[in-house]
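# Descriptive analysis of the structure
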Amino acid sequence: MKITYEWRGEVDDAALNALHADGFGHPVDRTEWRERLLRHSLGWVCAREDGALVGFVNVAWDGGAHAFVLDTVVSGRHRSRGIGAALLRAAADGARTAGCAWLHVDFEPHLRPFYLAACGFRETPAGLLAL
């Protein structure tokens, strides 16, 4: 089947909540994604197969040159097919088109090969403060 990718694609809260639960291994919640994305995000990318949501990434920003990758997720049965890397390429294209100069991401150590090797991010020193 063919996977399609859409910058700022239509978001169905129930479908995105189900994808997050599948991809991140937690119960389905009731996040109002559409409202959140419209309020806080530069954009997002939806990956679909035959109309069904199979991948997603959110791109937040500072209103200027910096965009930030959040919530990269691919359904369990669609992994290892390059969908995640394609989501990140589309996110980078969308941020670049919007005038951003930098796309930031933070990730857990086990995702290092994905973000650095498969997606082309480079390692940088960074800081994190738990709130």
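What counts as what
Residues numbered from 1 in each chain as written. Predicted model: local features only at pLDDT ≥ 70, side-chain atom pairs only at ≥ 80, totals over all residues. Heavy atoms only, no water. Helix = DSSP H or I, 4+ residues; strand = E, 2+ residues; numbered from the N terminus. Rg over C-alpha atoms; globule rule 2.2 N^0.38 Å. Buried < 20%, exposed > 50% of the residue type's maximum accessible area, 1.4 Å probe, protein only. Contact = heavy atoms within 4.5 Å. Expected span 1.5 Å × (residues − 1). Polar contact = N/O pair within 3.5 Å; in protein donor to acceptor, adjacent residues only side chain to side chain. Phe/Tyr/Trp six-rings, centres within 6.5 Å; stacked < 30°, edge-to-face > 60°. Lys NZ or Arg CZ within 6 Å of the ring centre and 35° of its normal. Pairing = 2+ DSSP bridges. Disulfide = S-S within 2.5 Å.

Let's shift gears to the overall build of the chain. Along the backbone of the chain there are four helices and five strands. Mapped from its N terminus to its C terminus, the chain presents α and β elements in the order β-α-α-β-β-β-α-β-α. Taken over C-alpha atoms, the radius of gyration comes to 14 Å for the chain, in line with the 14 Å a tight globule of 131 residues would show. For the chain, the spread of C-alpha atoms along the three principal axes comes to 35 × 35 × 30 Å. Relative to its 131 residues, the chain shows a buried fraction of 39%. Sequence separation of at least 24 residues holds for 58% of the intrachain contacts in the chain that already meet a minimum separation of 6.

Under the 1.5 Å per step criterion, the end-to-end length of helix α1 (residues 13-24) is 16 Å for 12 residues, consistent within 8% with the ideal 16 Å. Among all positions in α1, only L16, N17, L19, H20, A21 and G23 are buried. Where α1 is buried, its residues contact α2 (33-40), β3 (52-61) and β4 (66-74). Its side-chain oxygen placed 3.3 Å from the backbone nitrogen of A14, D12 serves as the N-cap of α1. Backbone geometry just after α1 places G25 at a positive phi near 70°.

Attention shifts here to the environment of R34. Summarising the element assignment, R34 is placed in helix α2. On the accessibility criterion, R34 (37% relative accessible area) is partly exposed. For the pair R34 and A85, spaced 51 residues apart in the sequence, the C-alpha separation amounts to 23 Å. Ignoring sequence-local partners within four residues, the contact set of R34 consists of E10, V11 and D13.

Before going further, it helps to spend a moment on the packing of aromatic side chains. For the structure shown, the criterion picks out four aromatic pairs. Every member of this aromatic cluster is reached through a ring pair, and the members are F107, F114, Y115 and F121. A cation sits over an aromatic face here: R36 above W33, 5.0 Å from the ring centre.

Moving on: the pairing of β4. Both β3 and β4 contribute to a ladder of six bridges, which runs antiparallel. Looking at the pairing, A60 lines up with F68 of β4. Where β3 folds back on β4, the antiparallel hairpin that results is connected by four residues, among which G63 adopts a positive phi of roughly 85°. Here β4 runs beside strand β5 (residues 102-104); their pairing, made up of three bridges, is parallel.

So, about the state of the cysteines. Applying the stated criterion across every chain yields a total of zero disulfides. In this model C46 remains outside any disulfide bridge; the closest cysteine sulfur is found in C119, 17 Å from its own. A residue is classified by how much of its surface remains accessible, and C119, at 19% relative accessible area, is buried.

Geometric descriptors of this kind do not, in isolation, establish any biological role.
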